[in-house]
Amino acid sequence: MKKQINIFISHSWSYSDKYEGLIKLLDKTNIDYKNYSVPKDDPIHNAKNDKELYEAIDNKIKYTSVVLILAGVYATYSKWIKNEIKIAKNRGKKIIAIEYWGSEKTSTTVKENADKIIKWQSSSLENAIKELLGD
């Protein structure tokens, strides 16, 4: 039986198609994973302010082994993606930056904080996760 890996996917709801694409990419790997991210159709409703939302995201990331971040340029300007990076770093979680195919501009903020930077490819994603987690 394969060991399950808990994953948090950091993303912008404005780019939910990229999030869905990343899920499909993960599904093509041989990794048994549980997704701890916050999808658009299931937001954190009980957070009344930024502090509560930060704590709710922290509570999700603490159960994960790796944080996947889409390295689109929008991530540089996203307060929440920066907070997710901060939480992951504070909790000692591995960060994988994923550059979407054909993206000419990517987030230096994400890439500077990543333990591994990969291209949009299921084999690269699987190899990066296994390498960082020692599987």
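A brief look at the structure comes next. Everything numeric in this text was worked out from a predicted model, so none of it was measured.

Quick look at the packing of helix H1 (residues 16-27) against helix H6 (residues 122-133) now. If you want to describe how two helices pack, look at the angle between their axes and the distance between the axes. Contact pair H1 / H6: the axes reach a minimum separation of 8 Å and the direction vectors enclose 70°. Judged on the interaxial angle alone, H6 and H1 are roughly perpendicular. Across from Leu22, Leu25 and Leu26 in H1, the residues of H6 making contact are Ser122, Leu125 and Ile129. A per-class count over the contact of H1 with H6 returns 5 nonpolar, 1 polar and no charged.

As a further point, take H6. Taking 1.5 Å of rise per residue, 12 residues should cover 16 Å, and H6 covers 17 Å from first to last C-alpha, within 8% of that figure. The elements touched by buried residues of H6 are strand E1 (5-10), H1, strand E3 (66-70), strand E4 (94-99) and strand E5 (116-119).

Taking strand neighbours across the sheet as the criterion, the 5 strands line up as E2-E1-E3-E4-E5 in an open arrangement whose pairing is parallel. Of all the strands in the sheet, the pair left with one neighbour each is strand E2 (33-35) and E5. Strand-to-strand twist across the sheet, computed as the mean angle between neighbouring axes with direction ignored, equals 30°. As paired elements, E4 and E5 share 4 bridges and run parallel to each other. Directly across from Ile98, in E5, lies its bridge partner Ile118.

Calculation notes
Residues numbered from 1 in each chain as written. Predicted model: local features only at pLDDT ≥ 70, side-chain atom pairs only at ≥ 80, totals over all residues. Heavy atoms only, no water. Axes fitted to C-alpha atoms, helices over the stretch in contact; angles between N-to-C directions. Helix = DSSP H or I, 4+ residues; strand = E, 2+ residues; numbered from the N terminus. Parallel < 35°, antiparallel > 145°, perpendicular 65-115°, else oblique. Contact = heavy atoms within 4.5 Å. Nonpolar A, V, L, I, M, F, W, Y, C, P; charged D, E, K, R; others polar. Expected span 1.5 Å × (residues − 1). Pairing = 2+ DSSP bridges.

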